[in-house]
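These are the residues of each chain, in order.
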Amino acid sequence: MTPTRRWWTLVGVALATFMTFLDNNVVNVALPSIQRDLHLSISGLEWIVSSYILVFSGLMLVGGRLADVYGRRRLFVGGLVVFTLASLVAGLATSQEMLIVARVLQGFGAAASIPSTLAIISATFPDPKERSRAVGVWSAVSALALALGPFTGGFVSQRWDWGWIFLINVPVGVVTVAIMMASMRESRDAVRRRLDLPGLTASAVALFSVTYALIEGHNQGWTSALILGAFAVAAVAAATFVIVERRTVDPMVDMSLFGIRMFSGGTGAMILWGFGVMGVYFFTAMYLQNVLGFSPTEAGAAFVPMALIMAAIAPVAGVLARRIGTHVTVALGLTLNAAGLVMVSFVGEHGHFMDLMPAFVAFGVGSGFTMMPLNDAIIGVLPPGRAGAASAVMNAAREVSGLLGVTIVGAILTSRQAAQLRGGATPVHAFLSGYQLALLIAAAIVFVGAPLSLATLRARRRTPVPVEPEAVPVA
């Protein structure tokens, strides 16, 4: 593949990643407008947000495995077509049912495309230095999508019709499909493998169940029969998945991957980072509007400097990681993330935008130091023949960690808030008290990633890893 085609392939992967990650949180700020136009219930609003995440997370591992077996280009482009058409339906939706179905289809499309993104980068850029730069670009785009989601949703819903938060995906999707059809070469496992239907089913049931329980736990009650049952189903399905994968001839996810120190430790560090990211984005957006009085557009715009810093730092972080080590760079990044959470928690109810900037800078730099070196280190030790499934594991871990961040931080916040209200506090003071406590606990959890990174991401003399067949280009 020529250098030009390689970099155009990266452009296509980056655009697709940006769209699908943006749709994780672009809807939140636009919910009041959607509710007014479609006359939705609170339950309907929740499912508009959660249906996409539920399907996207639940089918992550399935998408990665299908890409390994049937071809990454085929699954990526096919999923992107589904996502684009579903975005068109969502933007034109005239009822709650129509919008929720469209969001479910968006989740199907994203689950087919995104799990193999890192595997596509690995196959497209075999040279370690080029691959490192490519991962830096991909990481920067991912960070931008996470931060620009609230701003895009707020700006569009205030100035245009809310449907445009979905319709803007359509021209981008069409362009991305054209780019990938022209530039990307097909790749898949060199040895034809069976599909491992028991593994596919068990992984989907486990991820669906745990995602549903995390989304609905607050509304249904964490000790309700429904939620406890969902967690139980997830646990049984996960145990079944591990047993099946250990015994099958062609496992969907080679469990020996978790014996690779950098893969298991890096995935754990990524989960902790994702936990902190959602704690900042989701609840700080509420804090900016409910406590500091920001408009939806202003609240979304407040995250833009952080996003730009992440995007600027991510490519530089690769150079730093090569100089001082991935383990030190990622540990430093997670420490800065934890520090940013602590600083935000102390701004209080009379703060201004500039009071938040030191914390946002720390979080932006920290995320830049974390994402790119972590992704680069993990895909650098992956057996190529399992790159798709391993990439899916990483993406699924990040999605579920975001849900954990929202639900655990949210549970702490609401519990403290309720206690403060019972004690006679005003609603603003009660929310602020819960928000501050939740962020401090989140900071402590994120900081666990620093010693974990130092212990697991240090480069040592390589031990032999079972060689998998290379992903071979298919004309």
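- Going by an unreviewed UniProt entry, the protein carries the name MFS transporter and comes from Actinoallomurus acaciae.
- Under the UniProt heading Subcellular location (unreviewed entry), the entry covering the protein gives this text: "Cell membrane".

**Observations regarding the overall build of the protein**
Next, step 1: When helices and strands are counted, the protein shows 20 helices and two strands.
Next, step 2: Considering the protein as a whole, with its 475 residues, one finds that 59% of them fall into the buried category.
Next, step 3: Here the contacts in the protein between residues at least 6 apart in sequence split such that 85% fall between residues at least 24 apart.
Next, step 4: As presented, the protein carries roughly 18200 Å² of accessible surface, and 69% of it is formed by carbon and sulfur atoms.

**Focus: the nonpolar core**
Next, step 1: The biggest cluster of nonpolar side chains holds 95 residues, and the ones touching the most others in it are I121, Y287, L288, L356 and Y435.
Next, step 2: If one sorts the elements of this core by residue count, helix 13 (residues 261–290) sits on top with 11 residues.
Next, step 3: Leave out the neighbours within four places in its chain, and Y435 touches F283, T284, Y287, V344 and L413.
Next, step 4: Core analysis: the second largest hydrophobic core is formed by 17 residues, L22, I34, A93 and V156 among them.

**Comments concerning the environment of M60**
Next, step 1: Inspection of the secondary structure assignment puts M60 in helix 4 (residues 60–70).
Next, step 2: For M60, a relative accessible area of 0% translates into the label buried.
Next, step 3: Put simply, M60 and S116 are 56 residues apart on the chain and 9.3 Å apart in space, counted from C-alpha to C-alpha.

**A look at a positive patch on the surface**
Next, step 1: A cluster of basic residues, K129, R133, R322 and R323, forms a positive patch on the protein surface.
Next, step 2: Put simply, the parts of the chain that give the positive patch at least two residues each are helix 8 (128–159) and helix 15 (304–324).

**So, helix 4**
Since the α-helix advances by 3.6 residues per turn, residues separated by three or four positions end up pointing in the same direction.
Next, step 1: Of all 11 residues that make up helix 4, nine are buried, and the element is covered over most of its length.
Next, step 2: Along helix 4, the positions that sit buried rather than exposed are M60, L61, V62, G63, G64, R65, A67, D68 and V69.

**A few points about the environment of Q220**
Next, step 1: Structurally, the position occupied by Q220 is in helix 11 (residues 197–220).
Next, step 2: What makes Q220 partly exposed here is its relative accessible area of 38%.

**A short note on the side chain of T9**
Next, step 1: In this structure, T9 sits in helix 1 (residues 3–25).
Next, step 2: By relative accessible area, T9 is classed as buried at 2%.
Next, step 3: A polar side-chain atom of T9 sits 2.8 Å from the main-chain carbonyl oxygen of R5.
Next, step 4: Among the polar contacts made by the side chain of T9, one reaches the side chain of S183 at a distance of 3.4 Å.

What counts, and where the lines are drawn
- Residues numbered from 1 in each chain as written.
- Predicted model: local features only at pLDDT ≥ 70, side-chain atom pairs only at ≥ 80, totals over all residues.
- Heavy atoms only, no water.
- UniProt positions renumbered as here; feature names shortened; annotations may be inferred.
- Helix = DSSP H or I, 4+ residues; strand = E, 2+ residues; numbered from the N terminus.
- Buried < 20%, exposed > 50% of the residue type's maximum accessible area, 1.4 Å probe, protein only.
- Contact = heavy atoms within 4.5 Å.
- Areas by Shrake-Rupley, 256 points an atom, 1.4 Å probe, with all protein chains shown as cover.
- Core = buried A, V, L, I, M, F, W, Y, C linked by side-chain atoms within 4.5 Å.
- Patch = residues over 30% accessible without salt bridge, like charges linked within 9 Å, V, L, I, M, F, W, Y side chains within 5 Å.
- Salt bridge = Lys/Arg side-chain N within 4 Å of Asp/Glu carboxyl O.
- Lys, Arg positive; Asp, Glu negative; His and termini not counted.
- Charge placed at Lys NZ, Arg CZ, Asp CG, Glu CD.
- Polar contact = N/O pair within 3.5 Å; in protein donor to acceptor, adjacent residues only side chain to side chain.

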